[in-house]
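Summary of the model geometry
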Amino acid sequence: LWYLDLPFQTQIGKNAGIYLREPNEIAKSSKHTITLIPKFNDSEAYEYEVKNSNDYLVTHWPTANRNKLQIRLNVKVDVDVDWIKVPNRVFLHGTQSLDVIIDPSRLVPGQYFNWININDDNRSADAGPLIKVPVSVIRPDNVNTGEGGTISDSYTTGEIPFSPGKVVRKFLVVPEGASWMDVKIVNTEVSEEVVSDRLFYLHCVQMNKLSSYRDDEMATRFYLSNESGEEVNRCMAVKSGTIEVCISQFWKSEGVGPVSLEVRFRGVTPSPSEITLSSQNGCVSKVVLKSKIRSARIEPVGKLKTWHKTVGPSASKTKLFPLGSGYRDEILPFRLGSKYTSRPIWSLELEYNFKQLEDGKVTASLPNINELLYESPLDGQMCMIYDENKQLLWCTDAWPTGIHLCKGMYTARVCLRHEKPNLLTELKETALLLTRPLSDPISVSAFKTLAGTITKSEKFSAAVIEQGEERNIYLKVEYPKIPKGAEVGDLFTGTITYCKRSNREKGWGGENRPGGYTIKYILPPKAENDSEKAPSLKKETSSEVDEAKVQVVSNYVIPNLKNRIATCKKVELKHKDVFDQEYTEINALIEKYKDNRLEELDDLKMELLQLRVDWAVREMNEKPTKDTFDLVIETCNKVLDAIPDAVFQITPVAKVDFDDIDDKTRDEKEYVKYKKSLVKALSTKLLTHLKTEHGVDAEIEKDLQIIAKYIDTSDPVIHQLKMERYAKLGNFASSITHLNKLLKEESSILSSLNFKVTKRELFTRRIQYCESLGWTYLADIEKAWMKKRFPLGFVLF
């Protein structure tokens, strides 16, 4: 019969065998269904040449449907132990199932393994069973029983003799209510044969469904010296179920001697175990703590240490396209009949832009897509991070790692691949998660009552709860130090611990649960100030102004002027006539109502003049002629004339910011108000002079000394002025010094200067200065680096 050697596939749910180890699985008998599926050849027919034969071809045909119906097997089911119950015979006619009953409740603690053998009587005995199903049962030890039959919190093995290579495994039931476990290993006696410290390996692991074993394991090495009473303590967070504790002496670590192992379970049970503070619960969460094992000392300590921010993809940069054929972009070929072929692959490329406001570490990840290998639904995934010059900085795959980024703009490009384009289409709006560690963690406070979270009183201090007792606490973030750039809805995560080791347990185990419990804080919205700032009248003329007219100007004229100025800022350079007409009308309105002596009108006048300066600079960059240069200088002079003379008389004190002084004088207030306009107008005027054909005269030197009084010498404006000044004088070495300091600034600062400059332009000018100095070697190196600093495009995935 052709089907006597037909292979069968076994299925027990999604497993290939039966494995029982958790307390609820071994407490009573359980039924398991084994499905036996014959494996027919359903592939296409193909021919292959037999080796050592001349022109001899063997044809492999698929199994016909009529042959599949011919299977008639009356198989025998055997098992060697009495705690596994199986039927004696099973008739196989195609796919068939049989029920197995396993009763490990009568087994003593230990490890058990057996086979369920399924065989046909017509099959040769030397061929072995037709089907073999493995069965593994772990019967864990309960912790020591206390007085009155209660479950204690500790487990002790007694003395265990150890020698090189010996492995001891213990399976323990974690008591209900335990949150962490302390392990103590003690060298019980001194051995004359041991001449050096012995190396041991401790491995503790729990198996939880839908998670990797790495999430619930502890693996550590340690040395035990040859001294009686020498001990080593380790601790690990645990969950309910069975835990395996394995200890072994390293195979090349010499020495023989007894070692004792003691395990103690500790902790309290919080409800809920994971805390989320958000606007939904008023950023307050109630937690019920209960001690089920033993008395515990409660002292909550919570810290938010990580900031999570999501970024959406740029829709215009999203691409979905099929990959071309070739070794680089195709899946490895597989055999289909007599031919080898490869699957067509589609690629989805997403692009994300984000800004780094402070230097720090950033990890870019895709939740629910990363950290999946064999179970991943995608064929491939990759993330690349570029700076604003398209220079590749970092590349990660399914296991993202962090990178230290400086301040500036960055682009993250993600590539996802799959053979089905409709699946990738659903991922076009996948958000990128940016994770940053907080340099200054945010503290979480604990209170005794809900009212205490409002009055900021009745904070929870250390307390002891007895076994079986419950205690309520209320958690709240009191004074969060929110990092720069955080927005409403951003997530902050950290950990919180509730227990602390008491003084009588000093030196035994850990302080609290390793890793703690997860706590999350969703940044709530801040209160918005909708009220417009009431326009203030100048004190010396407040009695002379018609109150009704002031209200009209404040409520109607000033908002209209603000809107028109904002519109002017958006006018493009090619519509110069539109800007000139709008500028003239706005200026006329301000002059018309200036007799009302409203401070806001003075501010709008200064803002309009600054807008005129910016427009003149744009015209000069577009057409660098003598008329445009003169227009910029003339406009800057108008701004300087509009600034009160008292501002120029103030000599700022070093390292004193008038913004931080509450009782400043009137002149100091005027200085704070006009300082930015003064610096901008004066620096723009100087840079315009330096760009003309005239040399550096005494007037320019005088203006340089004036502007140096109002801003710090490390300000980018000063470096830009000095770079242009030294270049004009032909002192290119000093010009390079200030140019290098400008290169250290982020691009957003360089683009905010009066004369905007990019890093590409600065590097190009450095090459020109080096060539002018005769430093051709350095110039050639800079030219070679320009290709790396400013690539033409992104790197291919």
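A brief look at the structure comes next.

Rules behind the numbers
Residues numbered from 1 in each chain as written. Predicted model: local features only at pLDDT ≥ 70, side-chain atom pairs only at ≥ 80, totals over all residues. Heavy atoms only, no water. Axes fitted to C-alpha atoms, helices over the stretch in contact; angles between N-to-C directions. Helix = DSSP H or I, 4+ residues; strand = E, 2+ residues; numbered from the N terminus. Parallel < 35°, antiparallel > 145°, perpendicular 65-115°, else oblique. Left-handed = near helix turned anticlockwise from the far one by under 90°. Contact = heavy atoms within 4.5 Å. Nonpolar A, V, L, I, M, F, W, Y, C, P; charged D, E, K, R; others polar. Salt bridge = Lys/Arg side-chain N within 4 Å of Asp/Glu carboxyl O. Buried < 20%, exposed > 50% of the residue type's maximum accessible area, 1.4 Å probe, protein only. Pairing = 2+ DSSP bridges. 1 Å grid on protein atoms, 1.4 Å probe; cavity = no way out; pocket = protein on both sides within 12 Å on 5 of 7 lines; lining within 4 Å. Points joined across faces, edges and corners; volume = space filled by probe spheres on them.

**Focus: the packing of helix α13 (residues 732-743) against helix α15 (residues 759-772)**
For any two helices packed against each other, one specifies the inter-axial angle together with the distance between the axes. As a packed pair, α13 and α15 sit with axes 10 Å apart at the nearest point and diverge in direction by 160 degrees. The angle between the axes of α13 and α15 places the two elements in the roughly antiparallel class. Crossing hand, α13 versus α15: left-handed. Taken together, the residues of α15 that come into contact with α13 (itself represented by Phe732, Ser735, Ile736, Leu739, Asn740, Leu742 and Leu743) are Lys759, Leu762, Phe763, Arg765, Arg766, Tyr769, Cys770 and Ser772. A per-class count over the contact of α13 with α15 returns 9 nonpolar, 3 polar and 3 charged.

**So, the packing of helix α12 (residues 716-729) against α13**
Close contact between α12 and α13 brings their axes to 8 Å; oriented N to C, the two are set at 155 degrees. As summarised for this structure, α12 and α13 are arranged roughly antiparallel, according to the angle between their axes. α13 is crossed by α12, and the crossing has left-handed handedness. Listed contacts from α13 to Pro716, His719, Gln720, Lys722, Met723, Tyr726 and Ala727 of α12 are Phe732, Ser734, Ser735, His738, Leu739, Lys741 and Leu742. Of the residues belonging to the contact of α12 with α13, the class tally is 7 nonpolar, 5 polar and 2 charged.

**Quick word on the pattern of salt bridges**
For the structure shown, the criterion picks out 22 salt bridges. A salt bridge links glutamate 724 to arginine 765; the shortest N-O distance between them is 2.8 Å. Residue glutamate 724 is located in helix α12, and its partner arginine 765 is located in helix α15; the two are separated by 41 residues in the primary sequence. You can call glutamate 724 buried: its relative accessible area is 11%. Between glutamate 771 and lysine 783 there is a salt bridge; the shortest N-O distance is 2.9 Å. Residue glutamate 771 is located in helix α15, and its partner lysine 783 is located in helix α16 (residues 776-789); the two are separated by 12 residues in the primary sequence.

**Here's the deal with the sheet that holds strand β19 (residues 257-266)**
Read across the sheet, 4 strands follow the order β12-β19-β14-β17 without closing on themselves; strand pairing throughout is antiparallel. Two strands close off the open sheet at either side, each with one partner strand: β12 (154-162) and β17 (231-237). Going from strand to strand, the sheet's axes swing by 15 degrees on average, the running direction of each strand aside. Relative to β17, strand β14 (residues 180-187) is paired through 7 bridges, and the arrangement is antiparallel. Bridging across to β17, methionine 181 finds its partner in methionine 236.

**What to know about the layout of surface pockets**
The volume enclosed by the second largest pocket comes to roughly 860 Å³. In this structure, the second largest pocket is lined by 24 residues; those nearest its centre are Asn15, Met207, Asn208, Lys209 and Leu210. Of the residues forming the lining of the second largest pocket, the biggest block, 3 residues, is contributed by strand β2 (residues 18-20).

**Quick word on the sheet that holds strand β10 (residues 110-120)**
The mixed open sheet is built from 5 strands, whose spatial order is β2-β11-β10-β6-β8. This sheet does not close on itself; its edge strands, each paired only once, are β2 and β8 (89-92). The mean inter-strand angle of the sheet, taken between neighbouring strand axes irrespective of direction, is 20 degrees. Direction of pairing for strand β6 (residues 73-78) relative to β10: antiparallel, over a ladder of 4 bridges. For valine 77, the partnering residue across the bridge sits in β10 and is isoleucine 118.

**Concerning the environment of cysteine 204**
Following the sequence through the fold, cysteine 204 ends up in strand β15 (residues 198-206). Given the relative accessible area of 0%, cysteine 204 is considered buried. The spatial distance from the C-alpha of cysteine 204 to the C-alpha of phenylalanine 171 is 9.6 Å, given a sequence separation of 33 residues.

**Brief notes about the pairing of strand β36 (residues 491-499)**
Judged by how many residues are buried, β36 sits mostly within the fold: 7 of 9 residues are covered. Examined bridge by bridge, strand β23 (residues 296-311) and β36 share 8 bridges and lie antiparallel to one another. Residue pairing in the sheet places isoleucine 298 in a bridge with cysteine 499 of β36. As paired strands, β36 and strand β37 (residues 517-522) are joined by 6 bridges and run antiparallel to one another. Across the sheet, residue leucine 491 finds its bridge partner in β37, namely isoleucine 522.

**Some details on empty space enclosed by the protein**
This structure, assessed with the given rule, holds 3 cavities of 30 Å³ or more. Of the pockets and cavities examined, the largest cavity occupies roughly 70 Å³. Lining the largest cavity we find Ala364, Ser365, Leu366, Asn370, Gln381, Met382, Cys383, Thr396, Asp397, Pro400, Val414 and Leu432. Of all the secondary-structure elements, those providing two or more residues to the lining of the largest cavity are β28 (360-365) and β29 (380-387). When residues of the lining of the largest cavity are assigned to their parent elements, the largest contribution, 3 residues, is made by β29. In the lining of the largest cavity, the residues fall into 7 nonpolar, 4 polar and 1 charged.

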